[in-house]
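# Structure at a glance
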Amino acid sequence: MWQAWNITTNPVDKEKIEIEDKLTRYEKKDKINLSDAEFFNLEDKIVQRNLNAEMTRLIELLVKFGNKKYDEWKNEQNTFRKAKLPKAVLPYYQKADKLNKHLDPKPIREKIKELSENIGQ
């Protein structure tokens with residue numbers, strides 16, 4: 001009887017479980033594309049819920065994927081490709097900065113400034 005009572009008093013938040021699973025899956029990925037609709041649908045859900053733990057993980061993911069692209073840009077030897085890469089990297093950091101109320105914004109803003117200065121060079 002107590003087990004049955006426990007089930008009714010502690011309802012499962014299906015949306016929370018779904019978000020946790022998707023965040024964990026993206027945390028294991030090396031990169032995403034800016035056209036990854038599933039990731040940005042997840043972002044919309046997290047922003048709408050506005051829970052600190054989920055927002056922090058989302059911002060960390062955006063910074064992680066931005067850092068991967070940033071490193072790719074820094075290590076690129078082809079000058080033509082290197083000139084185009086900042087435009088591909090910048091949206092990750094800009095979105096993270098826009099949503100960020102949870103992490104230190106200084107490193108994000110420094111990279112945004114550096115990338116903005118190098119667009120088209």
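The preceding data block contains the structure.
This one's a predicted model, so the numbers in the text were calculated from it and none came from an experiment.

### Some remarks on the nonpolar core
Side chains of a nonpolar character, in soluble globular proteins, are inclined to be buried together. Among the nonpolar cores identified, the biggest contains 27 residues, and Phe39, Ile46, Leu62, Tyr93 and Leu115 are the most heavily contacted of them. For this core, the secondary-structure elements that each account for two or more residues are α2 (14–28), α3 (37–49), α4 (52–75), α5 (79–99) and α6 (106–118). Per-element tally for this core: the top contributor is α4, with nine residues. Aside from chain neighbours lying at most four places away, what touches Ile46 is Ile19, Leu23, Leu51, Glu54, Met55 and Leu58.

### Focus: the packing of aromatic side chains
Under the counting rule described, the total for this entry stands at five aromatic pairs. Measuring from ring centre to ring centre gives 5.0 Å for Tyr26 and Phe39, while their planes differ by 70°; the resulting arrangement is edge-to-face. Of this pair, Tyr26 sits in helix α2 while Phe39 is found in helix α3, placing the two residues 13 residues apart along the sequence. The same class applies to Tyr26 and to Phe39, which are both buried. A ring pair is formed by Phe39 and Phe40, whose centres lie 5.2 Å apart and whose planes are at 85°; its orientation type is edge-to-face.

### Thoughts on unusual backbone geometry
Not every positive phi belongs to a glycine, and Asn50 is a case in point at roughly 55°. Owing to a relative accessible area of 47%, Asn50 belongs among the partly exposed residues under this scheme.

### Here's the deal with the side chain of Glu54
Structurally, Glu54 can be placed in helix α4. Under the relative-accessibility criterion, Glu54 is labelled buried at 3%. Among the polar contacts made by the side chain of Glu54, one reaches the side chain of Arg49 at a distance of 3.0 Å. Contact partners of Glu54, with chain neighbours within four places excluded, come to Lys16, Ile19, Leu23, Ile46 and Arg49.

### Some words on the side chain of Asp36
Considering the arrangement of structural elements, one finds Asp36 in the loop between α2 and α3. Despite its burial, Asp36 remains without a salt bridge, the nearest opposite charge being carried by Lys29 at 4.3 Å. Within polar-contact distance, the side chain of Asp36 engages the side chain of Tyr26 at 3.3 Å. Excluding its chain neighbours within four sequence positions, the residues that come into contact with Asp36 are Tyr26 and Lys29.

### Examining the pattern of salt bridges
Going through the model one piece at a time under the given rule, you end up with twelve salt bridges. Through salt bridges with shared partners, one network takes in Glu15, Arg49 and Glu54.

What counts, and at which threshold
- Residues numbered from 1 in each chain as written.
- Predicted model: local features only at pLDDT ≥ 70, side-chain atom pairs only at ≥ 80, totals over all residues.
- Heavy atoms only, no water.
- Core = buried A, V, L, I, M, F, W, Y, C linked by side-chain atoms within 4.5 Å.
- Buried < 20%, exposed > 50% of the residue type's maximum accessible area, 1.4 Å probe, protein only.
- Helix = DSSP H or I, 4+ residues; strand = E, 2+ residues; numbered from the N terminus.
- Contact = heavy atoms within 4.5 Å.
- Phe/Tyr/Trp six-rings, centres within 6.5 Å; stacked < 30°, edge-to-face > 60°.
- Polar contact = N/O pair within 3.5 Å; in protein donor to acceptor, adjacent residues only side chain to side chain.
- Lys, Arg positive; Asp, Glu negative; His and termini not counted.
- Salt bridge = Lys/Arg side-chain N within 4 Å of Asp/Glu carboxyl O.

Bear in mind that shape data such as this cannot, by itself, settle questions of function.
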